[in-house]
Amino acid sequence: MSASAHERSGAPGAPRVDVLLPVPAEPTVSFSISFRVGSQDDPPGKEGLAYLTGLMLAEAATENRSFDEILEALYPLASGYAVRVDKETTTLTGRTHRDNLDRYVPLLTDAYLKPAFAARDFERLRSDAVNDIENTLRYAQDEELAKAALHAFVFEGTPYAHPPEGTAAGLRNVTLDDVRALYRRRFTAANVTIGLAGGFDDALVRRMAETKAELPPGAPATPPVVSPRPVDRFEVLLIDKPGADASISFGYPLGVRRGERDFYALAVANSWLGEHRNQSSHLFQVIREMRGLNYGDYSYIEAFPEGGERTMPPVNVPRRHQLFEVWIRTLPNEHAHFALRAALRELERLVTRGMTREEFDLTRAFLSKYVRHFAETTSRRLGYAMDDRFYGLEGEGHLERFVRTMDELTVDDVNMAVARHLRADRAKIAIVTGAADALAKALADGAPSPIRYATPKPPDVLGEDREIERHPLPIAADAIRVMPVEEAFAR
């Protein structure tokens, strides 16, 4: 049953919990409190303001307890709460056993109703956030750095460009007064969506609904305009990181969202091309399985942060603007040009030839079952239901629609959606590499990129290699930019 079918409004005009997923037999209760504020709302020069504000709710003191006291109170409950700050939303989530509700709920609700905004917490969290960019992202997460660089490259000049975590300079410019002001302005009743799932009762529903009345009323948020520059050729951003192997991401804006029929048609094509962490997908077979160049190769039609840490799509990252994106995991620098050509060649074959009926039937059969694993827990079902609210999917939610649409789509639907939305003759490409100058020259020259293997390969693979190494990849010299790694997300 859909989330909206369970809404309880109580007395006319009374605050209500927006999303309710009752599972009476479940001994735990999952909570989700989502505010319409995210990194797109960061003022220029203070990138990271929304992120720090979210952290000051979930990882800092309240008016009633220090952060250490909160941790001590949560520990015997085997419970906790956390925050996800994304481009458009800030979402607090938590889960506890229903026997602990009397002790847990005051801790959770204090987090968003009574944050203390203590200076000591602020300095700690800001220092950690700057360190995460300057040391962890730049020097310990090459794949995440390439993905973040791609998003910044595609959305350059828009409020979507910087990561939700902000930039180093932006974070340093944020003050505690900035955090307090954003909280007062945007963490309001008009901008909050509250959801409950699991073994809750009516008393808890009333208590959570009452917290809306304890927030300032506010006004509905107006999201900023996000208009990325059209991508009309291949453009390359090389992050020059001495000693690094190559981590590659490429893509472009995709004007399709959940709920639209083309989204589900593209989901079939994307699953065939590069289903995340799935060995049957085409990119994985061509680059990893047949040639052993790296650990995996995937494609996406929605934001998929922390792809190296998760197998299923994330929740609580709803966005108005999405990318079509290919992620080529880390490989030796000498294979980067070849692997990029191989991935673009497979994308071109999909765009120009479409899926065959056999490929469509096989992929649709797989995906219609696989999608049921996207929300195996009650807390993830709640996450999807909350995202449905963002996308305006009333009644039939995204996952139900996904399953139903799989039965309705035809191979022609999929191939027409691919033709409408995907291209292989243009993209923005972000590569973290320890061979930036050599790669820039090779890309600009457009010369063949032959590959050598450490072990013998079958003749058919070697024959295809000769096609891949000469696959057209026209990149003008003025479309290649090199950025020292220490400048990545500096400001």
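Being a predicted model, the structure only gives us computed values, none of them experimental.

(A) Here's a closer look at the sheet that holds strand β1 (residues 19-22). Reading across from one edge, β1-β5-β2-β4-β3 is the order of the 5 strands in this open sheet, with mixed pairing throughout. The sheet is open, and its two borders are formed by β1 and β3 (80-85), each paired with just one other strand. Neighbouring strand axes in the sheet, compared pairwise and without regard to direction, differ in orientation by 10° on average. Relative to strand β5 (residues 192-198), strand β2 (residues 28-35) is paired through 7 bridges, and the arrangement is antiparallel. Residue pairing in the sheet places Ser 30 in a bridge with Ala 197 of β5. Across the face of the sheet, helix α3 (residues 101-113) comes into contact with β2, β3, β4 (90-97) and β5 while running at roughly 10° to β2.

(B) Here's a closer look at the confidence of the model for the chain. In the predicted model, the chain carries a mean pLDDT of 94, and 97% of its residues have values of at least 70. When the criterion is pLDDT under 50, residues 1-10 qualifies, and its contacts beyond four places in sequence or with other chains add up to 26 contacts.

(C) Main features of helix α1 (residues 49-58). Of all 10 residues that make up α1, 10 are buried, and the element is covered over most of its length. Buried within α1 we find Leu 49, Ala 50, Tyr 51, Leu 52, Thr 53, Gly 54, Leu 55, Met 56, Leu 57 and Ala 58.

(D) The pattern of salt bridges, seen in detail. All told, the structure shown has 36 salt bridges when counted by the stated rule. With its nearest N and O atoms 3.1 Å apart, the salt bridge here joins Glu 235 to Arg 229. With a shortest N-O distance of 3.5 Å, Arg 345 and Glu 346 are connected by a salt bridge. Assigned by exposure class, Arg 345 and Glu 346 land together as buried. Taken together, the shared-partner salt bridges in this structure form one network comprising Arg 291, Arg 345, Glu 346, Arg 349, Glu 464, Asp 465 and Glu 467.

(E) Main features of the sheet that holds strand β7 (residues 246-254). Strand order in the open sheet formed by 6 strands is β8-β9-β7-β10-β6-β11, with mixed pairing between adjacent strands. Each edge of the open sheet is held by one strand with a lone partner, namely β8 (297-300) and β11 (480-484). Across this sheet, the average inter-strand angle for adjacent strands is 15°, counted without regard to direction. Strand direction decides the pairing type here: β8 and strand β9 (residues 322-331), joined by 4 bridges, are antiparallel. Following the sheet pairing, Tyr 300 is matched in β9 by Glu 325. Relative to the sheet, helix α10 (residues 282-289) contacts β8 and β9, its axis offset from that of β8 by approximately 155°.

(F) Expanded view of empty space enclosed by the protein. Within this structure, the stated rule accounts for 2 cavities of 30 Å³ or more. In this structure, the largest cavity occupies an estimated 270 Å³ of space. For the lining of the largest cavity, the secondary structure elements donating two or more residues are α9 (261-274), β8, α12 (357-370) and α14 (398-408). In terms of residue class, the lining of the largest cavity is built from 12 nonpolar, 6 polar and 3 charged. Counted as a void, the second largest cavity has a volume near 50 Å³. Lining the second largest cavity, in full, are Arg 258, Glu 302, Ala 303, Pro 314, Val 315, Val 317, Pro 318, Gln 322, Asp 387 and Tyr 391.

(G) Structural detail: the layout of surface pockets. The space that makes up the largest pocket amounts to roughly 990 Å³. Counting residues per element, the ones that place at least two in the lining of the largest pocket are α1, β3, α4 (119-140) and α5 (142-154). For the lining of the largest pocket, the element with the most residues is α4, which contributes 7 residues. A per-class count over the lining of the largest pocket returns 18 nonpolar, 5 polar and 14 charged. The calculated volume of the second largest pocket comes to roughly 480 Å³. Lining the second largest pocket are 24 residues, and of these Ala 152, Glu 156, Ala 161, His 162 and Arg 491 lie nearest its centre. Counting only elements with at least two residues in the lining of the second largest pocket, the list comes to α5, β6 (234-240) and β11. Sorting elements by how many residues they give to the lining of the second largest pocket places α5 first, with 3 residues. Here the lining of the second largest pocket is composed, by residue class, of 13 nonpolar, 5 polar and 6 charged.

(H) Main features of a negative patch on the surface. Negative charge collects at one region of the surface, where Glu 59, Asp 128, Asp 132 and Glu 165 lie side by side. A relative accessible area of 32% places Glu 165 in the partly exposed class.

(I) The arrangement of the environment of Ala 149 in detail. Inspection of the secondary structure puts Ala 149 in helix α5. Here Ala 149 falls in the buried class, since its relative accessible area comes to 3%. Through-space distance from the C-alpha of Ala 149 to that of Phe 489 is 8.4 Å; in sequence the pair is 340 residues apart. Apart from the residues lying within four places of it in its own chain, the contact partners of Ala 149 are Leu 237, Ile 239, Ala 430 and Phe 489.

(J) The arrangement of unusual backbone geometry in detail. The phi torsion at Ala 78 lies on the positive side, around 50°, for a residue other than glycine. Assignment of secondary structure puts Ala 78 in the loop between α2 (67-74) and β3.

(K) Representation of the side chain of His 335. Topologically, His 335 is positioned in the loop between β9 and α11 (336-353). By relative accessible area, which is 13% here, His 335 ends up buried.

(L) Seen up close, the side chain of Asp 121. Relative to the assigned elements, Asp 121 resides in helix α4. Reaching out from Asp 121, the side chain makes a polar contact with the side chain of Arg 124 at a distance of 3.1 Å. Contact partners of Asp 121, with chain neighbours within four places excluded, come to Met 56, Ala 60, Ala 61 and Phe 67.

(M) A look at the environment of Ile 301. Positionally, Ile 301 belongs in the loop between β8 and β9. Look past the residues within four positions of Ile 301 in its chain and what remains in contact with it is Leu 254, Phe 263, Leu 266, Ala 267, Asn 270, Gln 322, Leu 323 and Phe 324.

Thresholds applied
Residues numbered from 1 in each chain as written. Predicted model: local features only at pLDDT ≥ 70, side-chain atom pairs only at ≥ 80, totals over all residues. Heavy atoms only, no water. Pairing = 2+ DSSP bridges. Helix = DSSP H or I, 4+ residues; strand = E, 2+ residues; numbered from the N terminus. Axes fitted to C-alpha atoms, helices over the stretch in contact; angles between N-to-C directions. Contact = heavy atoms within 4.5 Å. pLDDT = per-residue confidence, 0-100. Buried < 20%, exposed > 50% of the residue type's maximum accessible area, 1.4 Å probe, protein only. Salt bridge = Lys/Arg side-chain N within 4 Å of Asp/Glu carboxyl O. 1 Å grid on protein atoms, 1.4 Å probe; cavity = no way out; pocket = protein on both sides within 12 Å on 5 of 7 lines; lining within 4 Å. Points joined across faces, edges and corners; volume = space filled by probe spheres on them. Nonpolar A, V, L, I, M, F, W, Y, C, P; charged D, E, K, R; others polar. Patch = residues over 30% accessible without salt bridge, like charges linked within 9 Å, V, L, I, M, F, W, Y side chains within 5 Å. Areas by Shrake-Rupley, 256 points an atom, 1.4 Å probe, with all protein chains shown as cover. Lys, Arg positive; Asp, Glu negative; His and termini not counted. Charge placed at Lys NZ, Arg CZ, Asp CG, Glu CD. Polar contact = N/O pair within 3.5 Å; in protein donor to acceptor, adjacent residues only side chain to side chain.

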